[in-house]
Amino acid sequence: MCGRYSITSAPEAIRRLFATTNDLINFAPRYNFPPTAQGPVVRRHPDTGKRTLDLLRWGLVPVWAKDMSGAAKCINARGETVATLASFRSAFKKRRCLVPADSYFEWKALPDKSKQPYAIGYEEGADPMAFAGLWEGWKDPASGEGGEWIHTFSIITTEANPLTAPVHNRMPVILAPDHWPAWLGEVEASVEELQALLKPAPVEGMRVWPVDKRVGNVRNDDIELLKSITSQRK
DNA sequence: CCAGACGTTGTT
DNA sequence: GTCTGG
DNA sequence: CCAGACGTTGTT
DNA sequence: GTCTGG
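Keep in mind that this is a model prediction, so the values were computed, not measured. (Residues numbered from 1 in each chain as written. Chains lettered and ligands numbered in written order. Predicted model: local features only at pLDDT ≥ 70, side-chain atom pairs only at ≥ 80, totals over all residues. Heavy atoms only, no water.)

**Here's the deal with the packing of aromatic side chains**
With the rule as written, the count across this model stands at eight aromatic pairs. When the centroid spacing of 4.9 Å and the interplanar angle of 45° are considered together, the rings of tyrosine 5 and phenylalanine 33 count as tilted. Pair noted here: tyrosine 5 is in strand β1 (residues 5-7) and phenylalanine 33 is in strand β2 (residues 30-33), with a separation of 28 residues, a long-range link. Accessibility classification places tyrosine 5 together with phenylalanine 33 in one group, the buried group. A centroid spacing of 5.1 Å and a plane angle of 65° characterise the contact between tyrosine 5 and tryptophan 58, whose relative ring orientation is edge-to-face. Here tyrosine 5, found in strand β1, pairs with tryptophan 58, found in strand β4 (residues 51-58); they are 53 residues apart in sequence, far enough to count as distant. Using a relative accessible area of 0% as the deciding quantity, one classes tyrosine 5 as buried. Among the aromatic residues, ring-to-ring pairing joins Tyr5, Phe33, Trp58, Tyr104, Phe131 and Phe153 into one connected group. The aromatic ring of tryptophan 135 is capped on one face by arginine 43, whose charged end is 4.4 Å from the ring centroid. It is arginine 96 that lies over the ring of tryptophan 183; its NZ or CZ is 5.6 Å from the centre. (Phe/Tyr/Trp six-rings, centres within 6.5 Å; stacked < 30°, edge-to-face > 60°. Helix = DSSP H or I, 4+ residues; strand = E, 2+ residues; numbered from the N terminus. Buried < 20%, exposed > 50% of the residue type's maximum accessible area, 1.4 Å probe, protein only. Lys NZ or Arg CZ within 6 Å of the ring centre and 35° of its normal.)

This is how it looks when you write it as structure tokens:
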């Protein structure tokens, strides 16, 4: 799940919602945000303890990776196993983040082998969601001393809730604001407590609506992609 | 000990 | 980096 | 996640 | 069929 989403809220609105304190970065709305693109992520600075909003690349590259060839494979991390798997356990302990999103897309497989894309999000006017994420820093070993750090992130998934299950069996972990401090590491939380946050979001306020198949092509990135092709919501 | 892997999704 | 398999 | 490519040689 | 790019 969750190989495409939208992040259309203005940088200033995201900064306000997440109370980040670094200089405001600018980024254009993305109606069809794909793996390997740079998107806004909320983290806690390990030294200052302040929340920051930065652009990271979607597709976690573990520190020990020899190259970036496997990057697009770690766009998601299963909540059931993040605490122990080699690619994620270090980030799970020390580099958790929030990924702001306004909706995400799922492709429902139809009996005729075709696929119908759906957008999933909260009712109109709601705040952006915060996906539970992990991030990593990676430096190309081939680049030597002058190499630049590349920062990447992954979105944690869990079982679908009853509303989204008909479309797809997995969904991103959506954290409510009162869980942000624990997830970001601002307040102490045990592995068990953190793991307990990785569960399906309640269906209250959520919406699922079919959208145009143009969303399949990452080159399409316009507001029409978020409109329902039937009559519900947007 | 060294070598090699390290991931998710969907579909069958 | 760290665990697993041989 | 989907869309799109999937190859070599030599020469510039 | 399977990998790469976005």
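**Things to note about the pairing of strand β3 (residues 38-44)**
A regular strand places its side chains on the two faces of the sheet in alternate fashion. Among the seven residues of β3, five are classified as buried, and the element is accordingly described as predominantly covered. Here β3 runs beside β4; their pairing, made up of seven bridges, is antiparallel. Within β4, the residue paired with glycine 39 across the bridge is leucine 56. Linking β3 back to β4 in an antiparallel pair, the connection comprises six residues, with glycine 49 at a positive phi of about 80°. (Pairing = 2+ DSSP bridges.)

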